[in-house]
Amino acid sequence: MKAQVPLLVMLTAVILGSMPMVNTAAAAAAAASSRPHPLDPLSAAEITAVCAAVLASPLVPARPLHFHYVGLDEPDKPDVLAFAYGTAGSPSRRRPLLPRRALVIARAGGQSHELRVDVTDASRPSVLSHAVHRGAGFPPLTLEEQFAALALAPACAPFARSVRRRGLRMDDVVCSVLPAGWFGGAGARRVAKMQCFVAGATANYYARPIEGVTMVVDLDRMAIVGFRDREAYPVPKAEGTDYRAGKAGPPLPEPEPAPGVVVQPEGRGFHIDGHVVRWANWEFHLGFDMRAGAVISLASVHDADAGTRRRVLYRGFVSEYYRTFLDAGETNLGLWAYPLQPGGDCPDNAAYLDGYNADQDGNPVKAGKMMCVFERYAGDVAWRHTESGLPDELIAEVRPDVSLVVRMVVSAGNYDYILDWEFKRSGSIKFVVSLTGLVEVKATSYTHADEITSDAHGTLVSENTLAIYHDHYVMYHLDLDIDGTNNSFVKNVITAKRNTGNPATGGADTPRRSYWTVRREVAETEADGQMDVGTGPADLAFVNPGKKTRLGNEVGYRLIPAGATAASVLADDDFPQRRASYTKKQVWVTPYNKSEKWAAGLYADQSTGEDGLAAWSRRNRGIRNEDIVLWYTLGLHHIPYQEDFPVMPTLSGGFELRPSNFFERNPVLRARPASRHGSSRNCSCT
């Protein structure tokens, strides 16, 4: 669910109070003092310059003009690679000055406009191109128009009557703006739906829906154009729904775990230089986009044995969230990355990074502490072995595992998503999505499970409260560059074989009846690159055919799913499934195309499925020994249980990219044994 605010709260105070305006003069001075990395997100000064150029351009004369997306239009990939790593005859220390450009999606005159703006010199921005979007779909909803839509509800006479008929007070009503989706037709109007709830005695108003009432808002006209009151169900009770400290009841009778802190006697082991993060053998660029949130670029790992830095990932980000709502494309997911709470969201040893968004009027808005970086000491083991087979000698070797985590938390209405990128010294990158927050519920007349005699589409989690069945899909866009841009996707299929013996000897030469081996399949086209990871055992690898180890193996990285591998079970012709058809497979592989970034298409709101990952892949382009992109869908079928109410304990799933013949040997073989720093601080005395 999306934007929500008590109906009688002053909207301006909500917007400006939660996201403070930026001192653009100070930001401009700071930006001018340093030369940005070509993949740095737009600064406050650049956002100001971009939006000023658009407003001054005669190409879009209609007013009002509202900004729906303002983000970096990154330079061409070969230019960025030359900047980062250098080319033959042009070492990386002689870095070229690359242009700074922005992509703007704006609405004016009832049309969606795409503009590209050059801000290489922020004092003289210029509009480079302009186009009007003529296809299906609309740009993301702005925060301001969502709040403006909420203000319409109290003045809607039919809604006021429905509230009174249920014996409710309008002062206790809270509404939420929801994307309308698409259910056929041309979708000529930008509309959204409003669903309302009762707050009053609880902060968890999502647990108390006003069931059966829906309003439709025309966002361009900013008017309610549809109202329906189907049936009045009892509003669930407030008792037992509040999750706040001091409101959820007395502390548990069991003893609390002893408090713990992270002690780093020598300080943090990572360094952040602007947006470039260096830790152990890893180096990468950490950016921010108002649609995707965190963006990891130019991730490379240092190979100590080879004495060189080696490329792994050119650019990676979350391309789309799908829960019927296309959260990233419909509402700009990065806008819902609220400030992280030290000691709760991130440990005490974390460093924090800010980001900047553009509001509807084109003003830069600072999102403070919206990402954190920290070293994780979880007591895990990097590798170990104890050997007792040698005479009169016991060998015990163990190395502790430490990793670097980049975290962003998104509160998309009732749900909270904790998004972790975890870099390991072994060369692995782990991706973890953790779900928590408030499950979506609907009101019902049921008060006991025995009363349910037909499909209720959910679990009764409290009296008059059904938590509905639903899915979560998080799609990652991962432009892998394993030791270079030319890569291939390999499926090492595990195949059972019957042992028929040696025909030359006339019989079996072993009592074994079967064994398994590997059938290597190299994907030639996009159709070959689509895969359901549940269809059978296989190792999935991305290799560089032009690079081999000294033993002759192709260097690569393998994809390891770690739970959360659900694929959609909806009918292919169902309207939500047509919009997000990529959820039928966990793995897609496409050739790199700078314009193909968003799995649901650039215009996801009320999209029809005619643009996006599945549509692009129907061209069935070649992907063998090409610059390829991995699209991975992390999926969860969520059947709620009573323990998920009123607030859901964290549920996690993920996957890993792990070196496969990338190094000549174990890259953490020479890691130091555990340090004894601080061991006396953990002793207990009696």
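Calculation rules
- Residues numbered from 1 in each chain as written.
- Predicted model: local features only at pLDDT ≥ 70, side-chain atom pairs only at ≥ 80, totals over all residues.
- Heavy atoms only, no water.
- UniProt positions renumbered as here; feature names shortened; annotations may be inferred.
- Helix = DSSP H or I, 4+ residues; strand = E, 2+ residues; numbered from the N terminus.
- Buried < 20%, exposed > 50% of the residue type's maximum accessible area, 1.4 Å probe, protein only.
- Polar contact = N/O pair within 3.5 Å; in protein donor to acceptor, adjacent residues only side chain to side chain.
- Contact = heavy atoms within 4.5 Å.
- Pairing = 2+ DSSP bridges.
- Axes fitted to C-alpha atoms, helices over the stretch in contact; angles between N-to-C directions.
- Patch = residues over 30% accessible without salt bridge, like charges linked within 9 Å, V, L, I, M, F, W, Y side chains within 5 Å.
- Areas by Shrake-Rupley, 256 points an atom, 1.4 Å probe, with all protein chains shown as cover.
- Salt bridge = Lys/Arg side-chain N within 4 Å of Asp/Glu carboxyl O.
- Disulfide = S-S within 2.5 Å.

As recorded in an unreviewed UniProt entry, the chain goes by the name Amine oxidase, listed as coming from Panicum virgatum. The Sequence similarities (unreviewed entry) field of the UniProt record for the chain holds the comment "Belongs to the copper/topaquinone oxidase family."

A. Broad picture of the side chain of Glu330. Tracing the backbone shows Glu330 in helix 7 (residues 327–331). What makes Glu330 buried here is its relative accessible area of 1%. Here the side chain of Glu330 touches Arg579 through a polar contact of 3.0 Å, side chain to side chain. Beyond its immediate chain neighbours, meaning those up to four positions away, Glu330 contacts Pro140, Leu141, Pro179, Phe325, Arg579, Ala604 and Asp605.

B. Structural view of the UniProt feature "active site" (unreviewed entry) in the chain. Under the present numbering, the feature "active site" (unreviewed entry) in UniProt falls on Asp327 and Tyr415. Across 89 residues in sequence, these annotated residues keep their C-alpha atoms within 10.9 Å of one another, forming a single compact spot. Here Asp327 shows up in helix 7. Mapped onto the fold, Tyr415 is located in strand 23 (residues 415–424). Note on Tyr415: relative accessible area 0%, which makes it buried. Of the polar contacts made by the side chain of Tyr415, one reaches the side chain of His472; its length is 3.5 Å.

C. Looking closely at the sheet that holds strand 6 (residues 111–118). On the basis of which strands lie adjacent, the open sheet formed by four strands has the order 2-5-6-7 and antiparallel pairing. Looking at strand neighbours, the two that pair on one side only are strand 2 (66–72) and strand 7 (126–132), the edges of this open sheet. Going across the sheet, the axis of each strand differs from the next one's by a mean of 20 degrees, ignoring polarity. Running over the sheet, helix 3 (residues 44–56) touches strand 2, strand 5 (101–108), strand 6 and strand 7 and is turned about 135 degrees from strand 2.

D. Representation of a nonpolar patch on the surface in the model. On the surface, Tyr469, Ile639 and Tyr641 cluster together into a nonpolar patch covering about 330 Å² of accessible area. Relative to the assigned elements, Ile639 resides in the loop between strand 34 (628–638) and strand 35 (648–660).

E. The arrangement of the state of the cysteines in detail. Within the structure shown, the criterion is met by two disulfides. Shown here is the disulfide that connects Cys346 with Cys372, its sulfur atoms set 2.2 Å apart. Handedness of the Cys346-Cys372 disulfide follows from its S-S torsion of about -90 degrees: it is left-handed. A residue pair is termed long-range when its members are at least 10 positions apart, and Cys346 in the loop between helix 7 and strand 18 (351–358) and Cys372 in strand 19 (residues 364–376) qualify at 26 residues.

F. Spatial organisation of the sheet that holds strand 19. Sheet architecture is open: ten strands sit in the order 18-19-22-23-24-35-32-31-29-30, paired in antiparallel fashion. A strand with exactly one partner marks an edge of an open sheet, and here the two such strands are strand 18 and strand 30 (514–522). This sheet shows a mean twist of 25 degrees between the axes of neighbouring strands, independent of strand direction. Direction of pairing for strand 22 (residues 403–412) relative to strand 23: antiparallel, over a ladder of ten bridges. The partner of Val405 across the bridge, within strand 23, is Glu422.

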